[in-house]
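Below are the chains, spelled out letter by letter.
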Amino acid sequence: MQRTKSNSLHSEALHHLVGGVNSPVRAFKSVHGNPIYFDKASGAIVTDVDGNEYVDFVQSWGPLVHGHSHPKIIDLVYQKMQNGTSFGAPHIGEIELAKRVKQRFTFMDKVRFVSSGTEAVMSAVRLARGYTGRDLLIKFEGCYHGHVDSLMVNSGSGLATFGIASSPGIPKDTVATTLVAPLDDEEAVEFLFKEHGEDIAAVVIEPLPANNGLLVQRHEYLAKLRSLCDEHGSLLIFDEVISGFRFKDGSYGDMSGVTPDITALGKVIGGGLPVGAYGARSEIMESLSPLGPVYQAGTLSGNPLAMAAGIMTLDLLDEQAYDRLEELGQLLQVNVEPILEKHGNPMRLVRRGSLFWFSPGSDNPPPRADQIPSNAGVLYSDVHKGLLEKGYMLAPSAYEIGFIATVHDEEHILGMVHALDEVLTELEVK
Ligand SMILES: *Cc1c(COP(=O)(O)O)cnc(C)c1O
């Protein structure tokens, strides 16, 4: 596969854009080679500037549950575009999308739209702090919530102490309001509540952590977070930016039988245009400006084109679509597991619906970030490169998950499994 044009665009980009990219993980730093410049994309297939085609399992990192340039989504956006690209004033699309969100997130009375997942979580945190009048947050090692200052925090300094920032530029005082606990550990959270309970505004978690591998949590664990929040008057925030709208049975909160106070959404909700949202019961949401004192605003919030893409995306996500996603996910699972076994299980598949991850090593996939083998990236970067050469695109990082879209078909899935078999064989020969 030739990537001459891609490589030359990347060299040029390096002069103008930091590392040539506008979001770090696109840079291919943890795998072999340079980023690939896309020219166009349709359905499950992306075409790069050199004319190579790939079956795409990244799908813009989650938003494109119906694949690239779905004709019905494009049509509605185009139709709305004729009436103006941004109003800075209310329009019917906001009501329409809010209704569709509430159908799936039944514990939300009110929704506020923003323009990214980061903004959604950041605003949900401010709302929780404003509503409770408290400052402290609990977050979990291995959960990503966008690049929100107060949530870009790792542990590493022990449980009794506060976390340290994952990035320079975050003030110590900001980090000092964030407590970090490992996932899958009730006692750690109990301890934090025992020490700081009265000051904890919110517990923030991805109920299905999907940004550091796919770290499936036990129901009892999520239920424990709920009861600790209730006991101490803290709010439970579910960050469903990735997991939201991925499951037939509704929110991941519904599926796990645990109801959060505030939910943050992104990705699928905008169908490939910039949308984020957060919502909760009225009592909490009414603390927000213009009804309440907690301020949050956005010039492009509720943008009519973005609302249109979200509306059509959710309308297309009917029962059949979810059944199709599950069917394709199962097809991947039943075919890839014997292949991995044949190769001595160099990695394991973890799958929930249309979300999947190749967990490194032959052990059972872990529920905690610190249990992922530290050499996770070594095999993955070779597998990633091998699959690319055969026309299959996975995320350029061992810790990122894969996405199945309704437009994938049997051939795409089985083709990827076959290619993986070949790649693993080639790696063994080396
Ligand atoms: C992607 C993601 C975010 C950040 O969303 P952006 O739109 O990239 O700002 C936040 N939380 C979770 C769980 C995510 O997966």
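Look up a bit, the structure's there.
None of these values were measured; they are calculated from a predicted model.

**A few points about the site of the ligand**
- The ligand sits among Ser-116, Gly-117, Thr-118, Tyr-144, His-145, Gly-146, Glu-206, Asn-211, Asp-239, Val-241, Ile-242 and Lys-267.
- Here Asp-239 contributes a side-chain N or O atom positioned 2.6 Å from a nitrogen atom of the ligand.
- Protein burial of the ligand: of its 380 Å² of free accessible surface, 82% is covered by the chains.

**Remarks on helix 4 (residues 117-132)**
- For helix 4, spanning 16 residues, the distance from its first C-alpha to its last is 22 Å, which sits close to the expected 22 Å at 1.5 Å a residue.
- Among all positions of helix 4, only Gly-117, Thr-118, Glu-119, Ala-120, Val-121, Ser-123, Ala-124, Val-125, Leu-127 and Ala-128 are buried.
- Residue Ser-116 occupies the N-cap position of helix 4, its side-chain oxygen lying 3.5 Å from the main-chain nitrogen of Thr-118.
- Downstream of helix 4 by a residue or two, Gly-133 has a phi angle that is positive, lying close to 70°.

**Considering the pattern of salt bridges**
- Inspection of the entire model under this criterion finds 20 salt bridges.
- Among the salt bridges present, the one from Lys-390 reaches Glu-426, with a minimum N-O distance of 2.9 Å. Taken together, the positions of Lys-390 in the loop between helix 12 (376-389) and strand 15 (392-393) and Glu-426 in helix 13 (residues 410-429) put the pair 36 residues apart, joining distant regions of the chain.
- Judged by relative accessible area, Lys-390 falls into the partly exposed class, the value being 29%.
- Counted as one network, the salt bridges with shared partners bring together Arg-226, Asp-230, Asp-261, Arg-281 and Glu-283.

**Comments concerning the packing of aromatic side chains**
- What the rule picks out here adds up to six aromatic pairs.
- Here Phe-105 and Phe-245 contribute two aromatic rings whose centre-to-centre distance is 5.3 Å and whose plane-to-plane angle is 70°, an arrangement assigned as edge-to-face. In this pair, Phe-105 sits in the loop between helix 3 (92-104) and strand 4 (110-114) while Phe-245 sits in the loop between strand 10 (235-239) and helix 8 (252-256), placing the two residues 140 residues apart along the sequence. Judged on exposure class, the residue Phe-105 and its partner Phe-245 are both buried.
- Three or more aromatic residues joined by ring pairs form one cluster here, namely Phe-57, Phe-356 and Phe-358.

**Quick word on the sheet that holds strand 13 (residues 347-352)**
- Ordered by their spatial adjacency, three strands build an open sheet running 13-14-16, and the pairing between neighbours is antiparallel. The sheet terminates laterally at strand 13 and strand 16 (402-403), the two strands that pair on one side only.
- Direction of pairing for strand 14 (residues 355-360) relative to strand 16: antiparallel, over a ladder of two bridges. Bridging across to strand 16, Leu-355 finds its partner in Phe-403.

Thresholds, definitions, all that
- Residues numbered from 1 in each chain as written.
- Predicted model: local features only at pLDDT ≥ 70, side-chain atom pairs only at ≥ 80, totals over all residues.
- Heavy atoms only, no water.
- Near = heavy atom within 4 Å.
- Polar contact = N/O pair within 3.5 Å; in protein donor to acceptor, adjacent residues only side chain to side chain.
- Areas by Shrake-Rupley, 256 points an atom, 1.4 Å probe, with all protein chains shown as cover.
- Helix = DSSP H or I, 4+ residues; strand = E, 2+ residues; numbered from the N terminus.
- Expected span 1.5 Å × (residues − 1).
- Buried < 20%, exposed > 50% of the residue type's maximum accessible area, 1.4 Å probe, protein only.
- Salt bridge = Lys/Arg side-chain N within 4 Å of Asp/Glu carboxyl O.
- Phe/Tyr/Trp six-rings, centres within 6.5 Å; stacked < 30°, edge-to-face > 60°.
- Pairing = 2+ DSSP bridges.

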